[in-house]
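Residue-level structural notes
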Amino acid sequence: MEEEKKDKHAVHFTGGHDIWTTPLDFFKKLDDVWHFTLDSACVKETALCSKYYTPETDGLSQDWGNEIVWCNCPYSDIKTWLSKCADAYKKGATVLILVPARTETIAFQNYAMPIADCITFIKGRLKFGDPANPERKTTSAPFPSCLIVLDKNLTQAKIDCLKSLGNTTVNI
């Protein structure tokens, strides 16, 4: 029965693991505006900031302080990561979270929607890389993505950057 359930949902996942690289051109557009200081969920080979947390250093248990945080968390545990992001935001961090655009999920409804200053639904499908197999040509993700923005200082330049990536809703 468990195998049948897994197969039913296989279209929503790829590769059988959670370690995928963020598309660099996508990240760079955001970093040019936000100037990220922390990559909260990566492995050493995929770190996008000089300060980063890996599974060994456990970003979930760290204090993110007033960092400007990039979070492309393990998609197998989005609820836990969204909860951490919301908590860090309430304590002073600015956090941008890249997740599948699964708006029907409890994680999205209970953690993203109530606190997000902005949500951008990314145009098209992102192409994530596989750090375990750098030669592998990636294909588009089998799901749409969105960016959840937790930023108390959302400027027009930041909003314009987000709008260049997809449909953007700003919560006032």
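These lines cover the structure that appears in this document, whether it is placed above or below. Note on numbering: residues in each chain are counted from 1, in written sequence order. Where totals are concerned, whole chains, interfaces and linings use all residues; where local detail is concerned, this predicted model gives features only for residues with pLDDT of at least 70, and gives and counts side-chain atom pairs only at 80 or more. With hydrogens and water excluded, all non-hydrogen atoms of the structure serve as input to the side-chain values.

**What to know about unusual backbone geometry**
The condition that has to hold: Numbering of helices and strands starts at the N terminus; helices are DSSP runs of H or I of at least 4 residues and strands are runs of E of at least 2. Residue exposure (1.4 Å probe, protein chains only): buried if accessible area is under 20% of the type maximum, exposed if over 50%, otherwise partly exposed.
With a phi close to 60°, H35 is a non-glycine residue in the positive phi region. One can find H35 in the loop between α2 (24-34) and β1 (38-39). With a relative accessible area of 51%, H35 lands in the exposed category. The phi angle at D58 is positive, at roughly 55°, despite the residue not being glycine. Along the chain, D58 falls in the loop between β1 and β2 (68-71).

**A few points about the nonpolar core**
Selection rule: The definition of a nonpolar core used throughout is a set of buried Ala, Val, Leu, Ile, Met, Phe, Trp, Tyr and Cys residues joined through side-chain atoms within 4.5 Å. Pairs of residues are marked as contacts when any of their non-hydrogen atoms sit within 4.5 Å.
The biggest cluster of nonpolar side chains holds 47 residues, and the ones touching the most others in it are L30, W64, L147 and I148. Mapped by element, the contributors of at least two residues to this core are α2, β2, α3 (78-90), β3 (94-100), α4 (106-112), β4 (118-122), β5 (145-150) and α5 (156-165). Per-element tally for this core: the top contributor is α3, with seven residues. With residues near it in sequence (within four places) discarded, W64 still touches L38, S40, Y53, G59, V69, W81, K84, C85, A88, A93 and V95.

**Brief notes about the packing of aromatic side chains**
For clarity, the threshold we go by: By convention, a stacked pair of Phe, Tyr or Trp rings (six-membered ring in the case of Trp) has centres within 6.5 Å and planes under 30 degrees apart, an edge-to-face pair has planes over 60 apart, and any other such pair is tilted. Note on criteria: charge over ring means Lys NZ or Arg CZ within 6 Å of the ring centre, with the direction from the centre no more than 35 degrees off the ring normal.
This model, assessed by the stated rule, comprises five aromatic pairs. Summarising the aromatic geometry, the rings of F27 and W70 are spaced 5.4 Å apart at their centres and angled 75° between planes, so their arrangement reads as edge-to-face. Separated by 43 residues along the polypeptide, F27 in helix α2 and W70 in strand β2 bring together distant segments of the chain. Just as F27 is buried, W70 falls in that class too. In this structure an aromatic cluster arises from ring pairing among F26, F27, F36 and W70. For K84, the ring lying beneath its charged end belongs to W64, and the centroid distance is 5.1 Å.

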